[in-house]
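# Analysis of the macromolecular model
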Amino acid sequence: MAEKTEKLLQVKNLKKYFNVSRRDVLKAVDGVTFDVYKGETLGLVGESGCGKSTTGRTIIRLYDPTEGEVIFDGQDVGGKLSLKSKKELSKRMQMIFQDPYASLNPRMMVKDIIAEGIDIHHLAKSSKERMDRVYEMLETVGLNREHANRYPHEFSGGQRQRIGIARALAVDPDFIIADEPISALDVSIQAQVVNLLQELQEKQGLTYLFIAHDLSMVKHISDRVGVMYLGNMAELATSDEVYDHPLHPYTQSLLSAIPVADPKLERTRERIILQGDVPSPIDPPSGCRFRTRCPFAMDVCAKVRPKWHEVEKGHWVACHLHDEGLKTEKA
Amino acid sequence: MDHLLEIKDLSVVFHIFGADVQAVRGISLQLNKGETLAIVGESGSGKSVTSKAVMGLIPNPPGEIATGEVLFEGKDLVKYSKKQMQKVRGKDISMIFQDPMTALNPTMKIGKQIMEGLIKHQSLSKHDAKNRAIELLQLVGIPNPEKRVDEYPHQFSGGMRQRVVIAIALACNPKILIADEPTTALDVTIQAQILDLMRGLQEKTGTAIILITHDLGVVANLAQRVAVMYGGKIVETGTLDEIFYNPKHPYTWGLLSSMPKLHAKTDKLLAIPGTPPDLSNPPKGCPFAPRCPHAMKVCTEHMPAYTELSATQKAACWLLDERAPKVDPPATIGVGGES
Ligand SMILES: Nc1ncnc2c1ncn2[C@@H]1O[C@H](COP(=O)(O)OP(=O)(O)OP(=O)(O)O)[C@@H](O)[C@H]1O
Ligand SMILES: Nc1ncnc2c1ncn2[C@@H]1O[C@H](COP(=O)(O)OP(=O)(O)OP(=O)(O)O)[C@@H](O)[C@H]1O
Ligand code: SF4
Ligand code: SF4
Ligand SMILES: [Mg+2]
Ligand SMILES: [Mg+2]
């Protein structure tokens, strides 16, 4: 695999807070920093509610960031944007949503859903060109031409998700944020879609932020993987590194919790089932966000927020166990 | 045998403009007391429609149960009135839907949605129902349940919503729990807890579970028996070990070899080419024939009958006919784990 080093997206100390009541602020994303290289797939995994979707949605400006920088292809897109630049951004960045039910307008025919972006950006010169593009997209994602005149409710979950992918691809974007794009698909179709996403990437140089909870699939598709916990990034490295040498205790417990498609192994495997609740992002634990569930928590973990730093080349982690200062102190 | 639920020759058709979608085409299945039966299969193969038929939730029109019986403790639910079914639902049989968005009412507080069934089926007082709702939220791992019980669905993330849905389904200790993709939206540490929870609940109450999932890891973790569906039909059934270690149907082979392996490097996934059949015009013969690498002439003409492979395993494939050539399963089946 050729090393990808040109930064397409830089996310710096990104925060997204929601005011949930007059007094309470929910810190959905609380200072994450990472780059996405041109042509790569960066996988994003983590506990439900940890802020993966919010991170994606803030990058694509469905939400305005509370703080931090988002730099896309050298241009700051995290601040105030004119309508024109928002529109331009929406052609270059597309999102495939987690929920294939809520994300498709039930009153629109499939052809009009897929052509939505084509129409907004005036990408087709004639109605024939528009329909040709729709048919091409339907076939690209493994549906039939006959599906063009049907409505979303007539499709199964998996079929609907393919409609969502076709819609995103139709405007020929550079960067796709795929939020759980294959969760609703069965494995043989997952394989097709993942192979398809990879082919499209090779052919068109697409860059992906791939949000998912299926770690074996994330490992398979991603060049690098970021692990989030409660609005923070816990660890980020190449996917082999994350799976073979996880450093953060949270990553380690995640890996042990994956059910393996091998009944004999499943019956005998020991797994670390994390105790305790996921803390609320309204009132997160002081210091390390994971300390209330971490089997290795120390005194310092409650007091000091672990620094996000590169412990080895390309391997980032935020954990006091891997703090340079602490290591030398102990030694 | 003493089946808790027996589906006999069930067919479900949707009449949409200009076409009849034959979503489920004559399937038979049994569910025994206290067991977990997994239904796996292609997207659109009729898994959710099957479970909705059991729940009496096929929208009519456009849907219709064309043939068959759904016998619950010997009584045919297909013949039940809407009112009778309402009594069964939530109390005897409850369902966790694939889609946590539509399963919850966006305008109603989480707690109230859990309390509804408790008040209706168990005649709890409002006060007791609320306490039980908080208990259930705790059980499914929602932090600060006393506070969150008064919040609305949109204030919960996708995964948390699904846990609420599970809490609602468990509220009245049902005899059968139909779980349609119950952990798809959850990350694995919570999935591990939920699977544990479901197993614990099953041991305590003897609830039988029909588990619909795409995740063969989840199947391996929770199920005792597996039914594999394709194109509105059940193409293979067997015990967990039979399906994973000795599968006989080419679609089951494809299913097992298209998963990425966590502990090995897979360059390209082995995808089954093509798309599932259009069920408004289903193929005459084997539904898998257009995608099957072993298809023969007979396959496109005639639907294969079931071949009994053991007391617990059967498959519908012409390769199992004694006149057919012998074909070995692909080496790529190499199940997960240590390989
Ligand atoms: N519009 C909103 N208003 C208030 N809170 C929100 C909003 N959207 C998300 N949240 C909260 O922000 C946190 C992060 O949610 P998010 O949807 O980003 O999580 P996620 O990592 O995508 O989870 P999942 O894996 O369940 O999809 C959660 O606590 C959620 O309740
Ligand atoms: N309300 C409806 N109107 C018309 N057709 C429908 C309706 N509901 C389901 N179908 C069709 O019935 C077939 C079976 O759908 P079903 O939802 O059972 O699939 P599934 O096996 O659950 O798939 P998935 O794994 O994608 O959820 C599909 O071809 C679908 O298009
Ligand atoms: S910083 Fe402390 S609590 Fe946090 S993961 Fe590391 S050891 Fe555990
Ligand atoms: S019956 Fe024929 S087409 Fe169908 S699975 Fe068997 S070999 Fe393949
Ligand atoms: Mg999400
Ligand atoms: Mg379904």
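Computed from a predicted model, the values in this text were never measured in an experiment.

### As for the interface of chain A and chain B
Between chain A and chain B, the contact holds 60 residues from the first and 70 residues from the second. Surface buried jointly by chain A and chain B totals about 5300 Å² across both partners, of which 57% is contributed by carbon and sulfur atoms. Where chain A touches chain B, the interface holds 3 salt bridges. In this structure, the salt-bridge partner of D278(B) is R150(A), at a minimum N-O distance of 3.9 Å. Inspection of the region where chain A meets chain B yields 5 residue pairs in polar contact (both at pLDDT 80 or more). Among the secondary structure elements, those contributing two or more residues to the side of chain A that touches chain B are α6 (157-169), α7 (187-204), α8 (215-221), α9 (239-244), α10 (249-257) and α11 (263-268) of chain A. Counting residues per element, the side of chain A that touches chain B draws most heavily on α7(A), which supplies 8 residues. Here the residues of the side of chain A that touches chain B sort into 24 nonpolar, 19 polar and 17 charged.

### Topic: the domain arrangement of chain B
Residues and elements named next belong to chain B. Parsing chain B into structural domains produces domain 1 (5-223) and domain 2 (230-333). Placing the centre of domain 1 and that of domain 2 at their C-alpha centroids yields a distance of 28 Å. Counting residues at the interface gives 20 residues for domain 1, matched by 18 residues for domain 2. For the pair domain 1 and domain 2, the summed buried surface comes to about 1600 Å²; carbon and sulfur atoms form 62% of the total. The largest per-residue losses of area from domain 1 upon contact with domain 2 belong to R25, E42 and L216, which jointly make up 46% of the total buried on that side. In this assembly, domain 1 and domain 2 are joined by 1 salt bridge. The shortest N-O distance in the salt bridge between R291 and E42 comes to 2.7 Å. In this structure, the connection of domain 1 to domain 2 is made through 7 residue pairs in polar contact (both at pLDDT 80 or more).

### Let's talk about the site of ligand 1
Close contacts around ligand 1 come from 21 residues, with G49(A), K52(A), S53(A), T54(A) and Q98(A) the closest. Looking at what sits near ligand 1, you find residues from chains A and B. Note that an oxygen atom of ligand 1 is positioned 2.5 Å from one of the side-chain N or O atoms of T54(A). A distance of 3.0 Å separates an oxygen atom of ligand 1 from a polar atom in the backbone of Q155(B). Here ligand 1 loses 88% of its free accessible area of 640 Å² to cover by the protein chains. Listed by contribution, the elements that provide at least two residues to the shell around ligand 1 are β2 (25-37) and α1 (52-59) of chain A together with α7 (158-170) of chain B. A class-by-class count of the residues in the shell around ligand 1 yields 9 nonpolar, 10 polar and 2 charged.

Reading guide: rules and limits
Residues numbered from 1 in each chain as written. Chains lettered and ligands numbered in written order. Predicted model: local features only at pLDDT ≥ 70, side-chain atom pairs only at ≥ 80, totals over all residues. Heavy atoms only, no water. Contact = heavy atoms within 4.5 Å. Buried area = accessible area lost by both parts, 1.4 Å probe. Salt bridge = Lys/Arg side-chain N within 4 Å of Asp/Glu carboxyl O. Polar contact = N/O pair within 3.5 Å; in protein donor to acceptor, adjacent residues only side chain to side chain. Helix = DSSP H or I, 4+ residues; strand = E, 2+ residues; numbered from the N terminus. Nonpolar A, V, L, I, M, F, W, Y, C, P; charged D, E, K, R; others polar. Domains from an automatic or database assignment. Near = heavy atom within 4 Å. Areas by Shrake-Rupley, 256 points an atom, 1.4 Å probe, with all protein chains shown as cover.

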